[in-house]
Amino acid sequence: MGKAFQKIFITGASTGIGRQLALDYGKTGSELWLLARSEAKLTELAGEIEIAGGQAHILICDATDEPAFLNSLGTAQVESGGFDLVIANAGWGGRMRYPGDKNIDVLNQVIDLNFRAATQTLEFFAKYMVIAKHGHLVGVSSIAGFRGAPSAAAYSATKAALISYLESLRFSVRPFGVYVTDIRPGFVRTPMTDRNVVPMPFLMEVDLASKKIRRAIFRRRKRFTFPWQMAVLLHLIKAAPDFLYDFVAALTFGKQAVSGRTGKAESNSPS
Ligand SMILES: NC(=O)c1ccc[n+]([C@@H]2O[C@H](COP(=O)([O-])OP(=O)(O)OC[C@H]3O[C@@H](n4cnc5c(N)ncnc54)[C@H](OP(=O)(O)O)[C@@H]3O)[C@@H](O)[C@H]2O)c1
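Trainee: Mind showing me how you'd approach the site of the ligand here?
Mentor: Taken together, 30 residues form the shell around the ligand, and within it Gly12, Gly16, Arg37, Ser38 and Gly91 come nearest. Mapped by element, the contributors of at least two residues to the shell around the ligand are helix H1 (16-27) and helix H6 (191-194). Tallied by class, the residues present in the shell around the ligand amount to 14 nonpolar, 13 polar and three charged.

Structure follows, in structure tokens:
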């Protein structure tokens, strides 16, 4: 896939998909700006990237702390002089439980991270890319944005909103030579899915997911759902009547999981 991008910004780069993308782009010699809350993990990753031949700058920040986050985005913009590729990847699953007293907390945190911070990232850098008439903006949404997923009302809603946002953004920035890609992963083995209590069909390893995502970005795909088996399944699920969707969800995940009565409401604290 060559060294297509010289300067790259990634949120949620300390673990999982973001970390793997950073490492793989680093190996191609890219200069990276990586944002997350875990300083130790980002420092270790930056070391690995330098050994692999890339360059990495780390930004320790909670993306839901708006003033601090916008400040970090500004710092990255000034230091880099402008990005070729921006990946709004940070996200949290935020399982909800019924009955439960944490759902409003979870809801707020998921909205703030998965939608507010993701769209702020893209808007912030879109402004500079449009002026420079150059750049590629990527959002990591999810297959959970296709239909309301069990135990994940906040997560599904934010990913659906992000899918719509990315599609609209594409129309606005394309006349300025700026590309937009919506990455919609199925299940990928990361710390996020390690916490899952439901079955995960077609679970993919993170290195393969990174390869597929990077190829989709390289090809300037408008949207990319993977793995393909999940993409096919989801098109059927999207068109299915409600009674069939409910039946299949209960069959696959179990009635307790579908109603949010298994597992516990999670918290999203950095490790
Ligand atoms: N894995 C899957 O199966 C799957 C499927 C569909 C979509 N996705 C999407 O892919 C993206 C990456 O997920 P993943 O599976 O790689 O999850 P992950 O391993 O849990 O990574 C999440 C990343 O987001 C960062 N993060 C969380 N809260 C943050 C905050 N408040 N401020 C700044 N950074 C924060 C985490 O770093 P710190 O904790 O250090 O801050 C971490 O780097 C997410 O948007 C997710 O919704 C994943």
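Trainee: Please explain the environment of Ala52 as it appears in this structure.
Mentor: Tracing the backbone through its elements, the reader meets Ala52 in helix H2 (residues 39-52). Through-space distance from the C-alpha of Ala52 to that of Thr28 is 8.4 Å; in sequence the pair is 24 residues apart. Not counting residues up to four positions away in its chain, the partners in contact with Ala52 are Leu23, Gly26 and Lys27.

Trainee: Just checking my understanding: could you explain the packing of H1 against helix H7 (residues 206-218) for this structure?
Mentor: Two measures define how a pair of helices packs: the angle their axes make with one another and the distance between the axes. Close contact between H1 and H7 brings their axes to 9 Å; oriented N to C, the two are set at 65°. The orientation of H1 with respect to H7, classified from their angle, is roughly perpendicular. Both H1 and H7 take part in a crossing whose hand is right-handed. Residues Gly16, Ile17, Gln20, Leu21 and Asp24 of H1 form the contact with H7, whose participating residues are Val206, Asp207, Ala209, Ser210, Ile213 and Arg214. By residue class, the composition of the contact of H1 with H7 is five nonpolar, three polar and three charged.

Trainee: Whenever I open this one, the sheet that holds strand E5 (residues 135-140) confuses me. Can you help?
Mentor: By definition, the strands of a sheet pair up through backbone hydrogen bonds, in either a parallel or an antiparallel sense. Strand order in this open sheet of seven strands is E3-E2-E1-E4-E5-E6-E7, and the pairing throughout is parallel. Each having just a single partner strand, strand E3 (55-60) and strand E7 (223-226) make up the two edges of the open sheet. When strand polarity is set aside, the average angle formed by the axes of neighbouring strands in this sheet is 15°. Judged from the five bridges that link them, strand E1 (residues 7-11) and strand E2 (residues 31-36) form a sheet pairing that is parallel. Paired with Thr11 across the two strands is Leu35, which belongs to E2. Strand contacts of helix H4 (residues 103-132): E1, strand E4 (85-88), E5 and strand E6 (178-185), with the helix running at about 170° to E5, the strand carrying the most contacts. Each of E4, E5, E6 and E7 touches H7; the most contacted strand, E6, lies at about 150° to it.

Trainee: For this particular structure, what's the right way to read H2?
Mentor: Because an α-helix packs 3.6 residues into every turn, residues spaced three or four apart end up facing the same way. With 14 residues, H2 extends 20 Å between its outermost C-alpha atoms, agreeing within 8% with the 20 Å of an ideal straight helix rising 1.5 Å per residue. Restricting attention to buried positions, one finds in H2 the residues Leu42, Leu45, Ala46 and Ile49. Each buried residue of H2 sits inside an arc of 105° when the element is viewed along its axis, so together they form one side. Exposed residues pointing more than 90 degrees away from the buried face of H2 are listed as Ala40, Gly47 and Ile51. Buried residues in H2 make contact with H1, E2 and E3. Directly beyond the C-terminal end of H2, a positive phi value near 110° is found at Gly53.

Trainee: Help me understand the packing of helix H3 (residues 66-80) against H4 in this model?
Mentor: The interhelical angle for the contact between H3 and H4, taken along N-to-C directions, is 35°, at an axis separation of 11 Å. Here H3 and H4 pass one another in a crossing that is right-handed. From H3, Phe69, Leu70, Leu73 and Gln77 reach across to H4, where they touch Ala117, Gln120, Thr121, Phe124 and Tyr128.

Trainee: I tried to follow H3 on my own but got confused; where do I start?
Mentor: Look at H3: 21 Å from first C-alpha to last across 15 residues, which is about the 21 Å you get at 1.5 Å a residue. For H3, the set of buried residues is Phe69, Ser72, Leu73 and Ala76. In a view along the axis of H3, the buried residues occupy a sector of 100°, so they form one face of it. Opposite the buried face of H3, by more than 90 degrees, sit the exposed residues Pro67, Gly74 and Val78. On its buried face, H3 is in contact with E1, E2, E3 and H4. Where H3 ends, the next residue or the one after it, Gly81, has phi of about 80°, a positive value.

Basis of the calculations
Residues numbered from 1 in each chain as written. Predicted model: local features only at pLDDT ≥ 70, side-chain atom pairs only at ≥ 80, totals over all residues. Near = placed C-beta within 6 Å. Helix = DSSP H or I, 4+ residues; strand = E, 2+ residues; numbered from the N terminus. Nonpolar A, V, L, I, M, F, W, Y, C, P; charged D, E, K, R; others polar. Contact = placed C-beta atoms within 7 Å. Axes fitted to C-alpha atoms, helices over the stretch in contact; angles between N-to-C directions. Parallel < 35°, antiparallel > 145°, perpendicular 65-115°, else oblique. Left-handed = near helix turned anticlockwise from the far one by under 90°. Pairing = 2+ DSSP bridges. Expected span 1.5 Å × (residues − 1). Buried ≥ 20, exposed ≤ 12 C-beta atoms within 10 Å, placed from the backbone. Arc of directions from axis to C-beta.

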